[in-house]
Amino acid sequence: QVQLAESGGGLVQAGGSLSLSCAASGRTFSLNTVSWFRQAPGKDREFVGAIWWTTGSIYYAASVKGRFTISRDNAKNTVYLQMNSLKPEDTAIYYCAAKDGLLSNTNPSTYNVWGQGTQVTVSS
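First things first, this report covers the structure right here in the doc. (Residues numbered from 1 in each chain as written. Predicted model: local features only at pLDDT ≥ 70, side-chain atom pairs only at ≥ 80, totals over all residues. Heavy atoms only, no water.)

Some words on the nonpolar core
Then step 1. Formed by 35 residues in total, the largest nonpolar core has its most connected members in Trp-36, Phe-68, Leu-81, Met-83 and Tyr-94.
Then step 2. Mapped onto this core, the elements with two or more residues apiece are β1 (2-7), β3 (18-26), β4 (33-39), β5 (46-52), β7 (68-73), β8 (78-83), β9 (92-99) and β11 (118-123).
Then step 3. Looking at this core element by element, the count peaks at 5 residues for β9.
Then step 4. Dropping the residues within four chain positions of it, Phe-68 is found in contact with Arg-38, Val-48, Tyr-60, Leu-81, Gln-82, Met-83, Asn-84, Leu-86, Asp-90 and Tyr-94. (Core = buried A, V, L, I, M, F, W, Y, C linked by side-chain atoms within 4.5 Å. Buried < 20%, exposed > 50% of the residue type's maximum accessible area, 1.4 Å probe, protein only. Helix = DSSP H or I, 4+ residues; strand = E, 2+ residues; numbered from the N terminus. Contact = heavy atoms within 4.5 Å.)

Focus: the state of the cysteines
Then step 1. Taken as a whole and judged by the stated rule, the model has 1 disulfide.
Then step 2. Covalently, Cys-22 is tied to Cys-96 through a disulfide, its sulfur atoms 2.2 Å apart. With the S-S dihedral at roughly 75 degrees, the linkage between Cys-22 and Cys-96 falls on the right-handed side. Here Cys-22, found in strand β3, pairs with Cys-96, found in strand β9; they are 74 residues apart in sequence, far enough to count as distant.
Then step 3. Residue Cys-96 is classed as buried on the basis of its relative accessible area, which comes to 0%. (Disulfide = S-S within 2.5 Å.)

A word on the side chain of Ser-35
Then step 1. Position of Ser-35 among the secondary structure elements: in strand β4.
Then step 2. At 2.5 Å, the side chain of Ser-35 and the side chain of Tyr-111 are in polar contact.
Then step 3. Non-local contacts of Ser-35, meaning those with residues more than four positions away in its chain, are made with Phe-47, Gly-49, Ala-50, Tyr-95, Cys-96, Ala-97, Asn-105 and Tyr-111. (Polar contact = N/O pair within 3.5 Å; in protein donor to acceptor, adjacent residues only side chain to side chain.)

Quick notes on the environment of Ala-24
Then step 1. Tracing the backbone shows Ala-24 in strand β3.
Then step 2. In this structure the C-alpha to C-alpha distance between Ala-24 and Thr-78, which are 54 residues apart in sequence, comes to 6.1 Å.
Then step 3. If sequence neighbours within four positions are ignored, Ala-24 has contacts with Gln-3, Leu-4 and Asn-77.

Written out as C-alpha cells, the structure reads:
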C-alpha cells in the first residue's frame, strides 16, 4: 500500500556531511508521521528524528540535535535528513519509517511501514 525508499548513504570522513532521502509512494494520504531511525551493529534501533507531515513540526533525538536537519519536499513526496558534522558514532544503517499515529514516535515498534535502509559509514 505504502512504500518507502531511502537513498543517499555512503562513506564520508568524520566532520563531513551527507544528505539522505526518503521517497514515499503509494497510498501516502493515511500517513501522519515520518521518522528516521538508525541501527549500528550490535545495537538497538535508535530514533533519530520525526516530522509530522501536515504541520511540518520536527523533533530530534538529543544525540543529533544541532547536527542533523529534517526537511521535506511536498511536490516530490520526499523527506530528507541532512547530516552535518558527522562522527564515527553515526555509522549505522539509516531507515525511514512511517505510520498514521502521532504519539510514541521514538518507539520503532509503533511503525508499520519501513524502508530498506541505507548504509552510512563515517571514517575517523
